[in-house]
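A closer look at the structure
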Amino acid sequence: MKRFFENWPFHPIVFAAYPALYLYAQNWRATRPGDLTVPLLLSIAAAVVITALLVAAARTRHRGALCASIFVGAFFAAPVYNVSTTFAGVVWGATALFVVAFVFLARRDTPGATPALNVLALVLIASPLYTAITSVTEQAEALPAPPDEPMIATDIVLTPGDDPPNIYFILPDGYARADVLQEYYELDNQPFIDFLRSQGFYVADNAPANHTRTVAALPTLLNFADMREVLGDKFRGASNVDIFRTYTVRSRVRWLFQQAGYDVWYLASGVDAYNRIAAKNYLDANILLSEFETVFLNFTP
């Protein structure tokens, strides 16, 4: 094992995998394990290619791998520390010059750096990797298949009639009411409100939000019950995300419509942590990045 650590510099690949794993470890309760796959594999594949090219250019694996790790670090460093575009360009330019000079001008190899960098990379990645692995099991246990009964019992009964209509529940996340849009954004939304009313919709002019976070507002809407009242002393805001998911999946609304003979379908939005568990019937257009993938892109220049 010691000779393996000394002779084989795998640290660029491990360093490249760290940003995706770290981001997932910090947000696993609000995303799906599958969302990690593409960013992680792309990061590893890119690191393999870059390492192979630099090793070939340097004609030694130790110096080439060291340059690859420097390149990977510079690639992710600027977005992580939120530096300006100008400064990021300076960092990139300096890194490129250093790598080129080191690869082609250095006369000595750097075998002594390989074991230290290998160990550092493994230590760095250990915690987020453990979180990523264990979260798969925890999410599977926390989000079972939707059962027959809702989390909150109800005496309401829906009578669909002979020709029940199709019903669409559309949530424009963050869409403020007309007076707020006018006051803060100088947007006149009244024509749209008038159009909705002309089509027979009811529009609540002074409707307030029950919660500032969608994860809490959604189960509140679908259960006709404020999550603060339902959970009482256990209410912890966004940290209750697993509980909110359960109340969303096992909501009164879903149960009532299923009891009335409706099929519940979910159309993926790309930014919803409930995607594949919110309905038995799931439509994914496969044209949008997930929320996790979008955030991960912000980690790159």
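Residues numbered from 1 in each chain as written. Predicted model: local features only at pLDDT ≥ 70, side-chain atom pairs only at ≥ 80, totals over all residues. Heavy atoms only, no water.

**Structural notes on the overall build of the chain**
Counted only if it meets this: Helical segments are the DSSP runs of H or I of at least four residues, strand segments are the runs of E of at least two, and each set is numbered from the N terminus. For every residue, the accessible area (1.4 Å probe, protein chains only) is compared with the maximum for its type, and the residue is labelled buried under 20%, exposed over 50%, or partly exposed between those bounds. A contact between two residues is defined here by any heavy atoms of the two lying within 4.5 Å. Surface accessibility follows the Shrake-Rupley procedure with a 1.4 Å probe radius. Residue values consider only the protein chains on display as shielding.
When helices and strands are tallied, the chain shows 13 helices and two strands. Across the 301 residues that make up the chain, the buried fraction comes to 37%. Long-range pairs, those at least 24 residues apart, make up 70% of the contacts in the chain with a sequence separation of at least 6. As displayed, the chain has an accessible area near 18,900 Å², and 61% of this comes from carbon and sulfur atoms.

**Brief notes about helix H2 (residues 11–27)**
What counts, and what does not: The span you would expect from a helix comes to 1.5 Å times its residue count less one. Two axes are fitted around each residue, one to the seven residues ending there and one to the seven starting there, and the angle between them is reported as the bend at that residue.
If you check H2, its first and last C-alpha atoms are 25 Å apart, about what 17 residues at 1.5 Å a residue would give, namely 24 Å. By the largest-angle criterion, Tyr18 marks the main kink of H2, which is about 30°, and a proline, Pro19, follows within four residues. Burial analysis of H2 places 12 of its 17 residues in the buried class, which makes it a mostly covered element. Along H2, the residues that are buried comprise His11, Pro12, Val14, Phe15, Ala16, Ala17, Pro19, Ala20, Leu21, Leu23, Tyr24 and Ala25.

**Quick notes on the pattern of salt bridges**
Definition in use: Any carboxyl oxygen of Asp or Glu that lies within 4 Å of a side-chain nitrogen of Lys or Arg is treated as forming a salt bridge with it.
Per the counting criterion, the structure on display carries three salt bridges. Of the charged contacts in the structure, one is a salt bridge between Arg177 and Asp179, with a shortest N-O distance of 2.7 Å. Accessibility expressed as a relative area gives 29% for Arg177, which makes it partly exposed.

**Some points on unusual backbone geometry**
Both trends apply: most residues other than glycine have a negative phi, and most peptide bonds are in trans. Of note, the phi angle at Arg59 is positive, near 60°, even though the residue is not glycine. Of note, Arg59 is situated in the loop between helix H3 (37–58) and helix H4 (61–80). Residue classification places Arg59 among the exposed residues on the basis of a relative accessible area of 79%. For Glu186, which is not a glycine, the phi torsion comes out positive at approximately 55°. With respect to the helices and strands, Glu186 occurs in the loop between helix H7 (178–185) and helix H8 (190–198). Its relative accessible area of 69% is what places Glu186 among the exposed residues.

**Thoughts on the nonpolar core**
Put simply, the rule reads: Among buried residues, those of type Ala, Val, Leu, Ile, Met, Phe, Trp, Tyr and Cys that are joined through side-chain atoms within 4.5 Å constitute a nonpolar core.
If you look at the biggest cluster of nonpolar residues, it comprises 22 residues, and the most contacted ones within it are Leu21, Tyr24, Leu36 and Leu40. Of all elements in the fold, only H2, H3, H4, helix H6 (113–142) and helix H13 (291–297) reach the threshold of two or more residues within this core. Ranked by the residues each element gives to this core, the list is headed by H2, at eight residues. Grouped together as the second largest cluster of nonpolar side chains are nine residues, Ile152, Ala225, Met227 and Phe244 included.

**Some thoughts on a nonpolar patch on the surface**
Inclusion rule: Surface patches are defined over residues having more than 30% relative accessible area and no salt bridge, joining like charges when they lie within 9 Å and nonpolar side chains (Val, Leu, Ile, Met, Phe, Trp, Tyr) when within 5 Å.
Nonpolar side chains collect at one region of the surface, where Ile156, Leu158 and Phe224 lie side by side and expose about 260 Å² of accessible area between them. Secondary-structure assignment places Leu158 in the loop between H6 and H7.

**Some details on the packing of aromatic side chains**
Threshold: Pairing of aromatic rings covers Phe, Tyr and Trp, the last counted by its six-membered ring, and requires centre-to-centre distances within 6.5 Å; plane angles under 30 degrees mean stacked, over 60 mean edge-to-face, and any other angle means tilted. By definition, being over a ring means that NZ of Lys or CZ of Arg is both within 6 Å of the ring centre and within 35 degrees of the ring normal.
Under the defined criterion, the tally for this structure stands at two aromatic pairs. Plain terms: the ring middles of Phe257 and Tyr262 are 5.2 Å apart, the flat faces sit at 90° to each other, and that makes the pair edge-to-face. When the ring centre of Trp8 is taken as origin, the NZ or CZ atom of Arg61, which lies over that ring, is 4.7 Å away.

Such coordinate-based values are descriptive only and should not be taken to indicate function.
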